[in-house]
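Commentary on secondary and tertiary structure
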Amino acid sequence: MSMLKFLGKRLALSLFVLFGLSILIFTISRVLPGDPVRMALGSRAPQWAVDNLREQMHLNDPLYAQYYYWLAGAVRGDLGQSLFTRRAVIEDVREFLPATMELALFAGVIMAVFGILLGAVSGRYSNTWIDNSVRIFSYIGIVTPSFVFAILFLLLFGYVLNVLPTMGRLSPWIARPPVITGMVSLDALLSGNFAAFGDAIKHLLLPAVSLALGGMAQEARITRSTISDNLRKDYIASAKGFGVPERLVMFKYLLKPSLIPTVSILGLDFASLIGNAFLVELIFNWPGFSRYGIHAMLNKDLNAVSAVVMVLGVIFIIVNILVDLIVAWLDPRIRLGAERGK
Amino acid sequence: MNYSRNPLLKRRAEGFKKGWYKFSRNPVSVLGLFFVLTVSFLAIFAPYVSPYPTHASRFVNFAEAGQPPSLKHLFGTDVFGRDILSRVFFGFRYSLMMGVVVLSLVVIPGVVLGLVAGYYRGTWIDTVIMRTTDIFLAVPPLILALAICSVLTPSVFNAMMAVSLMWWPWYTRLVYGLSSSLRTEFFVQAAEVTGASRSHILFREILPNCVSSIFTKMSLDMGWVILIGSALSFVGLGAQPPIPDLGTMVADGAKYLPDQWWITIFPALAIMITVLGFNLIGDGFRDLFALEEV
């Protein structure tokens, strides 16, 4: 199947999933007990104000009509008003999303690189002390909630050792670099401001590592088991027997095919990483989209909650398509679009 | 028990014995079983084994507030003077209950949908079921569970319902993969040829071959569900005070870091030990049944 056909099919399916997700989240957000307008305006707001806002938000119409208004707006990029920031939700998204993307990408890179590295070393030297310590580390990584890592790091590096900043994205005495991408570290780099870049990376370190550890442990575990399985296969022995240099055997013939299962779950791990960002951003006071989302949820801010879920849905669809493309590149046998799971 | 009269039961008993033998040869799995049994014991008998059972609910004794671990209070006391050790024992109850309730709600519908979708692979039934799971799996379960909890009144019960609503697709997807490949096996075709009913084929031919995978996933999922539950109560959308939930305790204690570290650290360790136990058992099952897909 050609690449274009594959992409087209994936996009069509993605649109369907997004449509379904919008119905799901809309249903969830509208069946709530309690009046969101009353909550937003406060118990002392006059009744006419509440009635006006209800009318304005189409809350008096039947559910399907409300859904129609909401969807029609969403397609045009109008996700409604946030009841709490009192701004268009889309503006909030624009403001808060880059911070979370910066954190998630940084954490995702740490997760993938170190997870694969640890797994590869552990599989290559299986049943040695290196392997055993990596395996113990993996268990710790898997069973520890990321919010516990976050709290421990806050305690250890922020208070006891006092070597890393624990709040926000930049130190207050450093001027924010001009906004280009919205990601502070990247903006600083692009504008050549290395002091700000270093400071931004320092701020990223603790939240990103607390987010990355769980997924890293999973990646390490899977890479280890495929590497140690493949290491025993005949083709490796024959490659060595032909005198292919060790390094070439390890990287080209062993590592590349062994990465397929690891990469396949990268998308899943990235998704749970963003899920955990909801707690970690709260702990490190990271002014991002997830913290915005959790505040919206705690305040029953309907439009904002729906927008957060939909935006994340779009992000995961893109991530999953990317993962599929990488897997197809790693494994020529997996024809793009061929049935998976067989 | 005497199984000698019934050959099928006898064979099952022998299979179980063999399985247990293999499972018990793996020290890591046995360690997991030990953790899980200990935690379950402490949870079930919490009122009898905890040193201060009254401290599990509303209890205030400011004279002993914020004490570090000592012989009198092995895990120290919180800001209300409640014994953390006792509260951790009671906290195990809520964690285990979360896992047990959620899994008992989701496994049956999830598995049945997966069986049906896999057996009718390629038909509209497959499309409807599997595309619905795609929608539920489009966003990480924690986020949707948070969204659902946020519109409900926060409570242990609602948290369980929210997580359950998000969790069934994982079983559907797992069983779908198994069932769609099993349906072309000879024994299924043989049953079809002899005119066995649909329900016989689904539940008597295909399902028994999925049980080991489902079991392994359930064991691993106990851990995941407990983690998600603790995350929900950590942000205040799950169990409400004065319920001694481990996630809530970690969140409450975080305000008093770094001075009163014991309020946070011990409940956090308790979560980790519980999840670790179920994970180790799950891994033991996976090795035992030689599974790859779970």
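Worth saying up front: this structure is predicted, and the values here are computed from it rather than measured.

1. Here we look at the overall build of chain A
- A tally of regular secondary structure across chain A gives 13 helices and 0 strands.
- Reading the helices (α) and strands (β) of chain A from amino to carboxyl end gives α-α-α-α-α-α-α-α-α-α-α-α-α.
- Counting only C-alpha atoms and orienting by the principal axes, one finds that chain A spans roughly 85 × 55 × 40 Å.
- In chain A, which comprises 342 residues, the share counted as buried stands at 41%.

2. Description of the interface of chain B and chain A
- Listed as interface residues are 34 residues of chain B and, on the opposing side, 39 residues of chain A.
- For the side of chain B that touches chain A, the elements supplying multiple residues, two or more each, are helix 5 (124-136), helix 6 (141-151), helix 7 (156-182), helix 10 (211-234), helix 11 (246-254) and helix 12 (262-289) of chain B.
- Looking at the side of chain B that touches chain A residue by residue, the class counts come to 25 nonpolar, 7 polar and 2 charged.

3. Details of the packing of helix 2 (residues 27-44) of chain B against helix 12 of chain B
Residue and element names in this part refer to chain B.
- Running from amino to carboxyl end, helix 2 crosses helix 12 at an angle of 140°, the nearest separation of the two axes being 7 Å. Here helix 12 runs oblique to helix 2, going by the angle between their axes. In the crossing of helix 2 with helix 12, the sense of the turn from one axis to the other is left-handed. Facing helix 2, whose interface residues are Val28, Ser29, Leu31, Gly32, Leu33, Phe35, Val36 and Val39, helix 12 presents Ile273, Thr274, Leu276, Gly277, Phe278, Asn279, Leu280, Ile281, Asp283 and Gly284.
- Counted by class, the contact of helix 2 with helix 12 contains 11 nonpolar, 6 polar and 1 charged residues.

4. Some details on the confidence of the model for chain B
- Per-residue confidence for chain B gives a mean pLDDT of 88; residues scoring 70 or more make up 97%.
- What the predictor reports for the complex is a pTM of 0.87 with an ipTM of 0.83.

5. Description of the confidence of the model for chain A
- Looking at chain A as a whole, its pLDDT mean stands at 84, while 94% of the residues score no less than 70.
- Ranking the elements of chain A by mean pLDDT puts helix 2 (residues 36-41) of chain A last, at 70, and helix 5 (residues 89-124) of chain A first, at 91.

6. Description of unusual backbone geometry
- For the bond running from B:Pro241 to B:Pro242, omega is 10°, close enough to zero to count as cis.
- Looking at the element boundaries, B:Pro242 is found in the loop between helix 10 and helix 11.
- The residue A:Asn127 is not glycine, and still its phi comes out positive at about 60°.
- Along the chain, A:Asn127 turns up in the loop between helix 5 and helix 6 (129-143).

7. Description of the packing of helix 10 of chain B against helix 11 of chain B
Residues and elements named next belong to chain B.
- Across the interface, helix 10 lies against helix 11 with an axial gap of 7 Å and an inter-helix angle of 40°. Between helix 10 and helix 11, the angle falls in the class oblique. At the point where helix 10 passes helix 11, the crossing takes the right-handed sense. Contact residues: helix 10 offers Gly229, Ser230, Ala231, Leu232, Ser233 and Phe234, while helix 11 offers Leu246, Gly247, Thr248, Val250 and Ala251.

8. Considering the environment of A:Asp78
Residue and element names in this part refer to chain A.
- As for its placement among the helices and strands, Asp78 is situated in the loop between helix 4 (63-75) and helix 5.
- For Asp78, a count of 15 C-beta atoms within 10 Å puts it in the partly exposed group.
- When neighbours within four sequence positions are excluded, Asp78 is seen to be in contact with Gly73 and Ile90.

9. A word on the nonpolar core
- Formed by 174 residues in total, the largest nonpolar core has its most connected members in A:Val309, B:Ala145, B:Leu146, B:Ala147, B:Val163 and B:Val225.
- Of all the elements, helix 4 (residues 84-119) of chain B adds the most residues to this core, at 18 residues.
- Sequence-distant contacts of B:Ala145, that is, excluding residues within four places in its chain, are made with B:Ala162, B:Val163, B:Met166, B:Ile228 and B:Leu232.

10. Some words on the environment of A:Leu213
Residues and elements named next belong to chain A.
- Looking at the element boundaries, Leu213 is found in helix 9 (residues 194-231).
- Here Leu213 falls in the buried class, since 27 other C-beta atoms lie within 10 Å of it.
- The spacing of Leu213 and Gly141 is 72 residues in sequence and 5.6 Å in space, taken between C-alpha atoms.
- Residues in contact with Leu213, not counting those within four places in the same chain, are Gly141 and Phe149.

11. What to know about the environment of B:Ser180
Residue and element names in this part refer to chain B.
- If you trace the backbone, Ser180 turns up in helix 7.
- Sequence separation between Ser180 and Leu115 is 65 residues; the distance between their C-alpha atoms is 7.9 Å.
- With sequence-adjacent residues up to four places away left out, Ser180 is seen in contact with Gly118 and Arg121.

Conventions adopted
- Residues numbered from 1 in each chain as written.
- Chains lettered and ligands numbered in written order.
- Predicted model: local features only at pLDDT ≥ 70, side-chain atom pairs only at ≥ 80, totals over all residues.
- Helix = DSSP H or I, 4+ residues; strand = E, 2+ residues; numbered from the N terminus.
- Buried ≥ 20, exposed ≤ 12 C-beta atoms within 10 Å, placed from the backbone.
- Contact = placed C-beta atoms within 7 Å.
- Nonpolar A, V, L, I, M, F, W, Y, C, P; charged D, E, K, R; others polar.
- Axes fitted to C-alpha atoms, helices over the stretch in contact; angles between N-to-C directions.
- Parallel < 35°, antiparallel > 145°, perpendicular 65-115°, else oblique.
- Left-handed = near helix turned anticlockwise from the far one by under 90°.
- pLDDT = per-residue confidence, 0-100.
- Core = buried A, V, L, I, M, F, W, Y, C linked by C-beta atoms within 7 Å.

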